[in-house]
Amino acid sequence: MKQRKPLVAGNWKMNGDTVFNDHLLGELRAGIERESMAALGIVVCPPYPYLAQVANRLAGSPIEWGAQNVCERPNGAFTGEVSASMLVDLGCRWVIVGHSERRQSMHETDDDVCAKLAIAAAHGLGVIACIGETLDERESGRTESVLGRQVDALARAAHDAQRGGDCAAPMPAERFVLAYEPVWAIGTGRSASAEIAQQAHAFIRSRLGALDGGGQATRILYGGSVKPGNARSLFAMPDVDGGLIGGAALIAEDFLAICGAAAACSSASTAR
Ligand code: PGA
């Protein structure tokens, strides 16, 4: 039985504008209130310029919101960057770090991603930290060595934050979330099968023994071409605790259906 509350997070990437967002958020709010999804955490992550719009539009709603990145430095002469304290100032609760698009196109390393995790945790932000292998790494049999390297680095940083680290208060176990996103499945329409996802998630969980709850408290989301049609089978897997959703997070009906699938798996597992 899963002990963890599932989480569905929408990563809007560099999409949207005020009119589009207003419409999408209105539909999400109405849908979530209609369906009552209390057994589920829901987060949307718009681009930086729209965080304030999203904060206003979601005020009083159970839907939380987060940023897609944060600067690893506290403040100062870093043109174009956004700090953790600025996010907190706006009321932000979550931040995605280490997305493969940033690891690849911005050359972010494990050290960079861990520094982002540390500063986010120090400011009380929940962190969704992304990991995943490329197609080439999978096909050459290096999936576990790549995932192992990425997870071990993040688990060390999360362990420090859970012990207090630089934080005003230790990071609670439920505020550190991992997202397994095989790079070959992102935006390609080619999702990992539920079995492949489960295998990777079980491997990832096996590396989390030093964390609070021995890793059983850490939610591991699956991301990469999650759609209404495959969400239920993915989320039914014992180590899959929800999803990080890209393209389908921009379509209210699809995102709501994916949230519904996570909520159904959660009540199914607690009913057993
Ligand atoms: P996708 O993106 O759902 O469009 O594949 C997922 C992600 O990049 O987080």
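Above: the structure in question.
Residues numbered from 1 in each chain as written. Predicted model: local features only at pLDDT ≥ 70, side-chain atom pairs only at ≥ 80, totals over all residues. Heavy atoms only, no water.

K.L.:
I'm lost on the nonpolar core in this one. Help?
P.N.:
In summary, soluble globular proteins display a tendency toward joint burial of nonpolar side chains. Within the largest apolar cluster, 78 residues are counted, with the highest numbers of intra-cluster contacts made by Val-44 and Phe-235. Ranked by residues supplied to this core, first place goes to helix H10 (residues 252-271) with nine residues. Membership of the second largest hydrophobic core comes to twelve residues, among which are Cys-45, Trp-94, Cys-130 and Leu-244. (Core = buried A, V, L, I, M, F, W, Y, C linked by side-chain atoms within 4.5 Å. Buried < 20%, exposed > 50% of the residue type's maximum accessible area, 1.4 Å probe, protein only. Helix = DSSP H or I, 4+ residues; strand = E, 2+ residues; numbered from the N terminus.)

K.L.:
Is there a simple way to explain helix H9 (residues 228-235) in this structure?
P.N.:
An α-helix turns once per 3.6 residues; consequently, residues spaced three or four apart project the same way. Residues Asn-230, Ala-231, Leu-234 and Phe-235 constitute the buried set of H9. Looking straight down H9, one finds that the buried residues subtend no more than 125° of arc, so they occupy a single side. (Arc of directions from axis to C-beta.)

K.L.:
Looking at this structure, how should I read the layout of surface pockets?
P.N.:
One way to see where empty space is left: roll a probe the size of a water molecule over the atoms. In this structure, the largest pocket spans a volume of roughly 330 Å³. If you tally residues by element for the lining of the largest pocket, the top one is helix H4 (residues 100-105), at three residues. Residue classes in the lining of the largest pocket are distributed as six nonpolar, five polar and three charged. (1 Å grid on protein atoms, 1.4 Å probe; cavity = no way out; pocket = protein on both sides within 12 Å on 5 of 7 lines; lining within 4 Å. Points joined across faces, edges and corners; volume = space filled by probe spheres on them. Nonpolar A, V, L, I, M, F, W, Y, C, P; charged D, E, K, R; others polar.)

K.L.:
I tried to follow the sheet that holds strand S4 (residues 94-97) on my own but got confused; where do I start?
P.N.:
Sheets are built from strands paired through backbone hydrogen bonds, the pairs being either parallel or antiparallel. The strand order S1-S2-S3-S4-S5-S6-S7-S8 describes a closed barrel built from eight strands, whose pairing is parallel. Strand-to-strand twist of the sheet, defined as the mean angle between neighbouring strand axes without regard to direction, takes the value 25°. Most of the contacts of helix H5 (residues 110-122) go to S4, to which it runs at about 170°, and overall it touches S4, strand S5 (126-131) and strand S6 (176-180). Packed on one face of the sheet, helix H7 (residues 143-162) meets S5 and S6 and runs near 165° to S5. (Pairing = 2+ DSSP bridges. Axes fitted to C-alpha atoms, helices over the stretch in contact; angles between N-to-C directions. Contact = heavy atoms within 4.5 Å.)

K.L.:
Mind showing me how you'd approach the environment of Arg-149 here?
P.N.:
Relative to the helices and strands, Arg-149 is located in helix H7. Owing to a relative accessible area of 46%, Arg-149 belongs among the partly exposed residues under this scheme. Measuring from C-alpha to C-alpha, the distance between Arg-149 and Ile-131 comes to 9.6 Å, with 18 residues separating the pair along the chain.

K.L.:
Help me understand the pattern of salt bridges in this model?
P.N.:
Two side chains with opposite charge may pair up if their charged atoms get near one another. Scanning the model with the defined rule gives 16 salt bridges in all. Where Asp-110 meets Arg-103, a salt bridge forms, and the shortest distance between an N and an O atom there is 2.7 Å. Among the residues examined, Asp-110 registers a relative accessible area of 15% and is labelled buried. Two residues, Arg-149 and Asp-110, come together in a salt bridge whose shortest N-O distance is 2.7 Å. Placement of the pair is Arg-149 in helix H7 and Asp-110 in helix H5, with a sequence separation of 39 residues. Residues joined in a network through salt bridges with shared partners are Arg-4, Arg-205, Asp-239 and Asp-241. (Salt bridge = Lys/Arg side-chain N within 4 Å of Asp/Glu carboxyl O.)

K.L.:
Just to check I follow, could you spell out the state of the cysteines for this structure?
P.N.:
Scanning all chains against the criterion turns up zero disulfides. For Cys-92, which is in no disulfide, the shortest distance to another cysteine sulfur is to Cys-45 and amounts to 7.5 Å. Looking at Cys-92, the relative accessible area reads 7%, which means it is buried. Cysteine Cys-114 is unpaired, with the sulfur of Cys-130 as its nearest cysteine sulfur at 13 Å. (Disulfide = S-S within 2.5 Å.)

K.L.:
Looking at this structure, I do not really get the packing of aromatic side chains. What am I missing?
P.N.:
Within a pair of aromatic rings, the relevant descriptors are the distance that separates the centres and the angle that separates the planes. Counting across every chain of the model gives one aromatic pair. In this structure, Arg-175 packs its charged tip against the face of Trp-94, placed 4.5 Å from the ring centre. (Phe/Tyr/Trp six-rings, centres within 6.5 Å; stacked < 30°, edge-to-face > 60°. Lys NZ or Arg CZ within 6 Å of the ring centre and 35° of its normal.)

K.L.:
Would you explain the site of the ligand in this entry?
P.N.:
Neighbouring residues of the ligand: 13 residues in total, closest Lys-13, His-99, Glu-181, Gly-187 and Ser-225. Gly-187 is positioned with one of its backbone polar atoms (N or O) 2.6 Å from an oxygen atom of the ligand. Backbone polar atom of Gly-247 to an oxygen atom of the ligand: 2.9 Å apart, as the coordinates give it. Out of a free accessible area of 280 Å², the ligand has 97% covered by protein chains. (Near = heavy atom within 4 Å. Polar contact = N/O pair within 3.5 Å; in protein donor to acceptor, adjacent residues only side chain to side chain. Areas by Shrake-Rupley, 256 points an atom, 1.4 Å probe, with all protein chains shown as cover.)

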